[in-house]
Amino acid sequence: MKRHHHFEYKRPRKFMGRILIKFGGGVITSKSTGEPVVKMDVLRPLIDATIELVKLGNQVIVVHGAGSFGHVL
């Protein structure tokens, strides 16, 4: 019996390519509030674009910077 997980998807038949994307920490986080905050208004479109690349048949690897969370106060 095959298990289906919520993260499984049907891979397109044709492999398009392998793409490495870096979401820069300074782009996806903000220090302006005093506390480091993830900029969801910036991150959401990046996630949506990444999903579209996968749907087109690409293997996508995402790495990210630490941004505001990587700096010692």
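As a starting point, this report considers the structure included with it. (Residues numbered from 1 in each chain as written. Predicted model: local features only at pLDDT ≥ 70, side-chain atom pairs only at ≥ 80, totals over all residues. Heavy atoms only, no water.)

## Overview of the overall build of the chain
For the record, the criterion: Counting from the N terminus, the helices are the DSSP runs of H or I reaching at least four residues and the strands are the DSSP runs of E reaching at least two. Working definition: with a 1.4 Å probe on protein chains only, accessible area under 20% of the residue-type maximum means buried, over 50% means exposed, and in between means partly exposed. Contacts are assigned to residue pairs that have any heavy atoms within 4.5 Å of one another.
Along the backbone of the chain there are two helices and four strands. For the chain, the succession of helices and strands along the chain, N to C, is β-α-β-β-α-β. Across the 73 residues in the chain, those meeting the buried criterion constitute 19%. Contacts in the chain between residues far apart in sequence, at least 24 positions, make up 72% of those at least 6 positions apart.

## Concerning a nonpolar patch on the surface
Rules: Residues enter patches when they are more than 30% accessible in relative terms and free of salt bridges; like-charged ones are connected within 9 Å and nonpolar ones (Val, Leu, Ile, Met, Phe, Trp, Tyr) within 5 Å. Here the open area of atoms and residues is found with the Shrake-Rupley method and a 1.4 Å probe, where only the protein chains shown may cover a residue. A side-chain nitrogen of Lys or Arg and a carboxyl oxygen of Asp or Glu constitute a salt bridge if their distance falls within 4 Å.
There is a patch of nonpolar side chains on the surface, built from Leu-20, Ile-61 and Val-63 and spanning about 270 Å² of accessible area. Here Leu-20 lies in strand β1 (residues 18-23).

## Things to note about the environment of Leu-46
Its place among the elements puts Leu-46 in helix α2 (residues 40-55). With a relative accessible area of 30%, Leu-46 lands in the partly exposed category. Ignoring sequence-local partners within four residues, the contact set of Leu-46 consists of Phe-23 and Ile-28.

## Overview of the side chain of Ser-30
Along the polypeptide, Ser-30 turns up in strand β2 (residues 29-30). Among residues more than four places away in sequence, those in contact with Ser-30 are Glu-35, Pro-36, Val-37, Lys-39 and Ser-68.

## Overview of α2
Formally: Here a helix's expected span is defined as the number of its residues, less one, multiplied by 1.5 Å.
For α2, built from 16 residues, the straight-helix expectation of 22 Å at 1.5 Å per residue is met to within 8% by its first-to-last C-alpha distance of 22 Å. Positive phi appears at Gly-57, one or two residues downstream of α2, with a value of about 105°.

## Side note on the environment of Thr-29
Operational definition: Contacts described as polar in this section are N or O atom pairs within 3.5 Å, which, within protein, must combine one atom able to donate a hydrogen with one able to accept it, while residues neighboring in sequence count only if both atoms come from side chains.
The residue Thr-29 is located in strand β2 in this model. On the accessibility criterion, Thr-29 (6% relative accessible area) is buried. Sequence-distant contacts of Thr-29, defined by excluding residues within four places in its chain, comprise Val-37, Val-38, Lys-39, Ala-66, Gly-67, Ser-68 and Phe-69. Reaching out from Thr-29, the side chain makes a polar contact with the backbone oxygen of Gly-25 at a distance of 2.6 Å.

No statement about biological role is implied by the geometric values presented.
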